[in-house]
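# Inside the fold
What follows is each chain in one-letter form.
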Amino acid sequence: MLKYWLIGAGFLVVWIIFGVITNKTHRRKGYDDGFWIGFFFGFFGWIYVAAEPDLNVENEINKLKEQLKQCIKELESNKKPLKRIDSNEKVTMKDTVCPECGLKQPAYRKICFSCGTNLREKAQNKK
Ligand SMILES: [Zn+2]
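Every value quoted in this text rests on a predicted model; they were computed, and no experiment measured them.

Procedures and definitions
Residues numbered from 1 in each chain as written. Predicted model: local features only at pLDDT ≥ 70, side-chain atom pairs only at ≥ 80, totals over all residues. Helix = DSSP H or I, 4+ residues; strand = E, 2+ residues; numbered from the N terminus. Contact = placed C-beta atoms within 7 Å. Axes fitted to C-alpha atoms, helices over the stretch in contact; angles between N-to-C directions. Parallel < 35°, antiparallel > 145°, perpendicular 65-115°, else oblique. Left-handed = near helix turned anticlockwise from the far one by under 90°. Nonpolar A, V, L, I, M, F, W, Y, C, P; charged D, E, K, R; others polar.

Bringing the overall build of the protein chain into the picture now. Each helix and strand counted, the protein chain has four helices and two strands in total. Helices (α) and strands (β) of the protein chain occur, in sequence order from the N terminus, as α-α-α-β-β-α. Pairs at least 24 residues apart make up 20% of the contacts formed inside the protein chain by residues separated by at least 6 positions.

In structure tokens, the structure reads:
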């Protein structure tokens, strides 16, 4: 009779050990209590919990995604529209104005960065 009690107690200890291990893994991944999964399903319960997605990692990824979105938003709001020349704005020696689209840009440019007009060619045609 004592033999059966010992075997029963042995099973109980093993179940509890699996319960504790499973609970630990479950909680480390950011879930609630996982003791009973390990207690009832033993090794398979632990395998199941070990294969679960890690909520901490997922939270971290979501946080980073949010931050990235915020960064992109800020960059887009800071983007300055291309400056078109005003009639009363002085054109300095270092700037030139594209004859095609009227965009102000540095004089050393050969090709307009907006419309692709060859600025050198146009300047020579004028002369
Ligand atoms: Zn242009």
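Right, picking up where we left off after that structure.
Moving on, we come to the environment of Phe-43. Structurally, the position occupied by Phe-43 is in helix α2 (residues 35-51). For the pair Phe-43 and Val-14, spaced 29 residues apart in sequence, the C-alpha to C-alpha distance is 9.8 Å.

The next subject is the packing of helix α1 (residues 2-28) against α2. Relative orientation of the contacting elements α1 and α2 amounts to 50 degrees, with a least axis distance of 7 Å. Comparing the axis directions of α1 and α2 gives the class oblique. Relative to α2, α1 is oriented so that their crossing is left-handed. Here Trp-15, Ile-16, Phe-18, Gly-19, Val-20, Ile-21, Thr-22, Asn-23, Thr-25 and His-26 of α1 lie close against α2, whose contacting residues are Phe-35, Trp-36, Ile-37, Gly-38, Phe-39, Gly-42, Phe-43, Gly-45, Trp-46, Val-49 and Ala-50. In the contact of α1 with α2, the residues fall into 13 nonpolar, eight polar and no charged.

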